[in-house]
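Structure assessment
Here is how the chains run, residue by residue.
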Amino acid sequence: MNPIPKPIPPLPKLIFASRWLQLPLYIGLIVAQAVYVYHFWVELVHLIEAAFGNTAALDKLVTSIGYVADKPLEGLNETIIMLVVLALIDVVMISNLLIMVIVGGYETFVSRLRLEGHPDQPEWLNHVNAGVLKVKLATAIIGISSIHLLKTFINADNYTEKVLLWQTVIHSVFLLSALAIALTEKLIHHPAGDDDH
């Protein structure tokens, strides 16, 4: 027989129950995810319409990606297609980041999802904790920053050198931060001299 759990005193019970205050935050992130899905499909539809010669859709795409042409555009060109596709990839990567925060954060800080044995359970959820989540989020942010930096360099004619420099510096800071987080996690869980064998 399982032992009967001891009753939790009122104050610790209240403090422990306060984790449920995070639930509306995760629901809000789910709403943000829905907005990203809508944005993705709007941009994709504009890309398809522009590919078939719709000038209004082309104008919307050019405005959304911040592309400035030297001469009037007669249709899609390789640069515009590349910038739009990178923008779509950016949306997907941010959406993946949202999923990691929603699922991993809820599992870590609010309550178990009890997905054991479910065929669609994410592999990383088996060993998720606050440290693993931080490393995953840091690497996801680097991926998003890389996409933004690539978009900027492809469209470099429309940016000042100062903007290009600062975006590169900020991306480098993200890289160093992610390395520092990963190194810290490694040192915490595998201290120097600790023999795993």
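Note that the structure is a prediction, hence the values are computed from the model and not measured.

Calculation rules
Residues numbered from 1 in each chain as written. Predicted model: local features only at pLDDT ≥ 70, side-chain atom pairs only at ≥ 80, totals over all residues. Heavy atoms only, no water. Helix = DSSP H or I, 4+ residues; strand = E, 2+ residues; numbered from the N terminus. Rg over C-alpha atoms; globule rule 2.2 N^0.38 Å. Buried < 20%, exposed > 50% of the residue type's maximum accessible area, 1.4 Å probe, protein only. Contact = heavy atoms within 4.5 Å. Core = buried A, V, L, I, M, F, W, Y, C linked by side-chain atoms within 4.5 Å. Patch = residues over 30% accessible without salt bridge, like charges linked within 9 Å, V, L, I, M, F, W, Y side chains within 5 Å. Areas by Shrake-Rupley, 256 points an atom, 1.4 Å probe, with all protein chains shown as cover. Salt bridge = Lys/Arg side-chain N within 4 Å of Asp/Glu carboxyl O. 1 Å grid on protein atoms, 1.4 Å probe; cavity = no way out; pocket = protein on both sides within 12 Å on 5 of 7 lines; lining within 4 Å. Points joined across faces, edges and corners; volume = space filled by probe spheres on them. Nonpolar A, V, L, I, M, F, W, Y, C, P; charged D, E, K, R; others polar. Axes fitted to C-alpha atoms, helices over the stretch in contact; angles between N-to-C directions. Parallel < 35°, antiparallel > 145°, perpendicular 65-115°, else oblique. Polar contact = N/O pair within 3.5 Å; in protein donor to acceptor, adjacent residues only side chain to side chain. Phe/Tyr/Trp six-rings, centres within 6.5 Å; stacked < 30°, edge-to-face > 60°. Lys NZ or Arg CZ within 6 Å of the ring centre and 35° of its normal.

Details of the overall build of the chain
A count of helices and strands for the chain gives six helices and zero strands. Ordered by position from N to C terminus, the α and β elements of the chain give α-α-α-α-α-α. The C-alpha atoms of the chain give a radius of gyration of 23 Å, which is well past the 16 Å a tight globule of 197 residues would have. Considering the chain as a whole, with its 197 residues, one finds that 28% of them fall into the buried category. Long-range contacts, defined here as pairs at least 24 residues apart, represent 63% of the contacts in the chain between residues at least 6 apart.

Here we look at the nonpolar core
Core analysis: the biggest nonpolar cluster contains 14 residues, and Ile65, Tyr67, Ile80 and Val84 have the highest contact counts within it. Looking at this core, the elements that each hand over two or more residues are helix H2 (23–51), helix H3 (55–65) and helix H4 (78–110). Residues within four places of tyrosine 67 in sequence aside, it is in contact with Val62, Leu73, Asn77, Thr79, Ile80, Leu83, Asn155 and Asn158. Ranked by size, the runner-up nonpolar core spans five residues in total, among them Ile94, Leu97, Met100 and Ile144.

Overview of a nonpolar patch on the surface
On the surface, a nonpolar cluster with roughly 610 Å² of combined accessible area is contributed by Ile141, Leu165, Trp166, Val169, Ile170, Val173 and Phe174. Summarising the element assignment, isoleucine 170 is placed in helix H6 (residues 161–189).

Considering the layout of surface pockets
Taken as a whole, the largest pocket spans an internal volume of roughly 240 Å³. What lines the largest pocket is a set of 17 residues, and nearest its centre among them are Ser64, Ala87, Asp90, His148 and Lys151. Among the secondary structure elements, those contributing two or more residues to the lining of the largest pocket are H2, H3, H4 and helix H5 (130–154). For the lining of the largest pocket, the element with the highest residue contribution is H4, accounting for six residues. Residues that form the lining of the largest pocket fall into these classes: eight nonpolar, six polar and three charged.

Here we look at the pattern of salt bridges
Under the definition given, this model contains one salt bridge. Among the ionic pairs, glutamate 107 bridges to arginine 112, the shortest N-O distance being 3.1 Å.

Examining the packing of H4 against H5
One way to put it is that H4 packs onto H5 with a least axis distance of 10 Å and a crossing angle of 170°. Classified by the angle between their axes, H4 and H5 sit roughly antiparallel to one another. Of the residues assigned to the contact of H4 with H5, the class counts are 20 nonpolar, six polar and three charged.

Section: the side chain of arginine 19
Along the chain, arginine 19 falls in the loop between helix H1 (10–17) and H2. Polar contacts involving the side chain of arginine 19 include one to the main-chain carbonyl oxygen of phenylalanine 16, which spans 2.8 Å. Ignoring anything within four residues of it in the chain, the contact list for arginine 19 reads Phe109 and Val110.

Structural notes on the packing of aromatic side chains
The full count for this structure, using the stated rule, is three aromatic pairs. Ring centres 6.3 Å apart and planes at 80° place the aromatic pair tyrosine 26 and tyrosine 106 in the edge-to-face group. Of this pair, tyrosine 26 sits in helix H2 while tyrosine 106 sits in helix H4; the two residues are 80 residues apart in sequence, bridging distant segments of the chain. The burial state of tyrosine 26 is the same as that of tyrosine 106; both residues are buried. Geometrically, the ring pair formed by phenylalanine 40 and tryptophan 41 is edge-to-face, given 5.9 Å between the ring centres and 80° between the ring planes. Aromatic rings pair up to connect Trp20, Tyr26 and Tyr106 into one cluster. The residue whose ring lies beneath arginine 19 is phenylalanine 16, and the NZ or CZ to ring-centre distance is 3.9 Å.

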